[in-house]
Amino acid sequence: MKKKLVLNGEEVEINVLTNRHGQVEFTFNGRDYSIKANQLGPHKTFLTGTLNARVIHTDHDFMVAGKELRVEPPNSSRSKNRTDTGGHMLSPMPGKILQVLVKVGDVVKKGDSLIVMEAMKMEHTIKASEDGVISEVHFGEGQLVAGGVDLVDLNCEQEA
Amino acid sequence: MKSEVLKKIDKILIANRGEISLRVMKTCKEMGIKSVSLFTEIERDYPHANLADECISLGEGPLSETYLNQDRIIEIAKKCGASAIHPGYGFLSENSVFANKVTSAGLIFIGPRPDSMELMGDKKTSKVEMGKISIPLIPGYHGDNQEDDFLKNEADKMGYPVLIKATAGGGGKGMRAVWKEEEFIEALNSAKREAKNAFGNDIVLIEKFIQNPRHIEVQVMSDTHGNHLHFFERECSIQRRHQKVVEETPSIALTDKIRNDITQTAVNIASGINYEGAGTVEFIMDAAGEFFFLEMNTRLQVEHPITEMVTGCDLVQLQILAAAGLPLPMKQSEIKQSGHAIEVRVYSEDPDNNFMPAIGTISHVGTPELNNVRLDSGYVDGNEVTINFDPMLAKLICWGVDRETAISKTLHSLDEVPFFGIKTNRDYLKRIVGSSPFREGDTFTHFVETHAELLKNVELSDEQKALGIATFLLNSKSTKASGETIDSSWQRLQGFRNI
């Protein structure tokens, strides 16, 4: 059975042949895998078979062979691609605006610093995600902002 | 010894939070001393708010009304019958006004005398004082004579390379490294021009330029009977934005001779200022092994556990003994370094996105399982990480018979503490400790900037992805080809979803 999954935000397609009694067989990227689970505790399992690894896990978060992975079914709310903000630079978390480095009409390049904010006693710089022209600056220096709010808008379709 | 301590100190109020509150609590329990912890309302579910003999709420509000509210903390200590206050690190730990208030209230402050804190708290005066007792300082000229030839003569005396720095400077403006005598005047003029333009002031200072320096510090402990002991060095060269990230002891850069000199220098400082309690003398060391005094921290350090791992001494216990006025229960010759210990600091931040701080709920911390591995964590499963406090979640401390073993145990143990639910620097720490320059001991204070490329995240391999997919499938209700829903075997097990 073909199945789509979202792995660390990236969609992958697999073909599941069987999945029962702690044994799963599937095809991924042209290779067949047959893997068995030996559970050792509420958060700990050993995988054996095609690949062997120690896994620490909760429902969606797995530590597999030393790498953190989040695997979810597609369309789950948390698997939305959050990097595409359509020219809106969002505050990553609640904090205070320390410096606004751009004004409306400024031409910026991808990676240019736009705003410096402070959160958790540390400074963070909000950078332009694309080349473009600043179309809106929503906050001034010294203002407190919540997490996930629009700080600066960038018009990316500017013709030279 | 125990009853002697208890006569003086039978109950300690810990004026701190998180992992260091728990750390002090642990020693209190071992010594049969009652502990009192403080917490704020949003920390009610945190371990430090639950595990002391008495846990007292500071309510809500900014730090100035909670952990930094000196009078309130002293009042609580008196009310609950504490005989001493342990300030931990940060917060009020190096505040001489607080230490004075504690003593005036008839309580014992577990830390140095206020005058030592004041002396060492000022970077400038402390250096002047250290110069008086012949402690090596970074050679430099900080005076008023700004004539070209005079400054060049000063630079020639120190030996090249030297650093020219604008006294009003910042952000690298008006700063020049000069490698050869004949380049000095040109660099001086250029630095002065830049400083004049940037700050309207072209006064400069000249300092010897230390290339690829290592940060080496020495743990000292003094009692009130004039005993000043050292507990060897720690190397803390791996830093990011002046925040220590990885610490280790012993430092492989120290020969027996340098170790002897640097530890003796630290002891001379402690005895020179008649110090009491735990302190750390920080030095900067160049490639030739020449070291210079930077500053002294008059408190217990975050990275103290690695010293405990290699010496077998409980530094908090020694702090308490010294504060009770008892002599330290060992001689210098009895303190030995055995094996190698590494500490890595787990921060809630995203190294792959400009080290942006991360917040969220920790669904699962994990437990390190190898021998001689310590996880000093302020958080347990289900705790929320907020923006209100320091982003350091935990310290993982691994001891091994030698450095190579300590490195491999650190890499292994980091995989056992996923801190699920929140972005952390866990994988980044593995990249540092597992990198070949770190393994070779080629460490210096600009390590992470210099090796930024090497420390970048690597893409997951197909096999790693396949293991993730397998885990997900095995862990979820799935459907057979016929469409019939079947339970995975994992779900028969109780306690799987315990978040």
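Residues numbered from 1 in each chain as written. Chains lettered and ligands numbered in written order. Predicted model: local features only at pLDDT ≥ 70, side-chain atom pairs only at ≥ 80, totals over all residues. Heavy atoms only, no water.

Per an unreviewed UniProt entry, chain B goes by Biotin carboxylase and derives from Halobacteriovorax marinus.

For chain A, the name recorded in an unreviewed UniProt entry is Lipoyl-binding domain-containing protein, with Halobacteriovorax marinus as its organism.

## Looking at the overall build of chain B
When you go through chain B residue by residue, the secondary structure sums to 16 helices and 23 strands. The globule rule puts the C-alpha radius of gyration for 499 residues at 23 Å, and the 25 Å found for chain B is close to it. If you line up chain B on its principal axes, its C-alpha atoms span 90 × 60 × 45 Å. Looking at chain B residue by residue over its 499 residues, the buried ones come to 57%. Contacts in chain B between residues far apart in sequence, at least 24 positions, make up 65% of those at least 6 positions apart. Working note: accessible area of chain B is about 20,700 Å², and carbon and sulfur atoms make up 48% of it. Averaged over its 55 positive side-chain charges, chain B has a centre that lies 3 Å from the centre of its 71 negative ones. (Helix = DSSP H or I, 4+ residues; strand = E, 2+ residues; numbered from the N terminus. Rg over C-alpha atoms; globule rule 2.2 N^0.38 Å. Buried < 20%, exposed > 50% of the residue type's maximum accessible area, 1.4 Å probe, protein only. Contact = heavy atoms within 4.5 Å. Areas by Shrake-Rupley, 256 points an atom, 1.4 Å probe, with all protein chains shown as cover. Lys, Arg positive; Asp, Glu negative; His and termini not counted. Charge placed at Lys NZ, Arg CZ, Asp CG, Glu CD.)

## As for the domain arrangement of chain B
Annotation of chain B at the domain level lists domain 1 (1-110), domain 2 (139-208) and domain 3 (214-455). Each of domain 2 of chain B and domain 3 of chain B has a C-alpha centre, and these two points are 35 Å apart. (Domains from an automatic or database assignment.)

## A look at the state of the cysteines
Residue and element names in this part refer to chain B. Within this structure, the stated rule accounts for zero disulfides over all chains. Free of any disulfide, C55 has its nearest cysteine sulfur in C80, 11 Å distant. When its relative accessible area of 27% is taken as the criterion, C55 is described as partly exposed. With a relative accessible area of 12%, C80 lands in the buried category. (Disulfide = S-S within 2.5 Å.)

## Let's talk about the side chain of B:T410
Within the fold, B:T410 resides in helix α12 (residues 403-414). What B:T410 contacts, discounting residues up to four positions off in sequence, is B:I342, B:V344, B:L396, B:C398 and B:V433.

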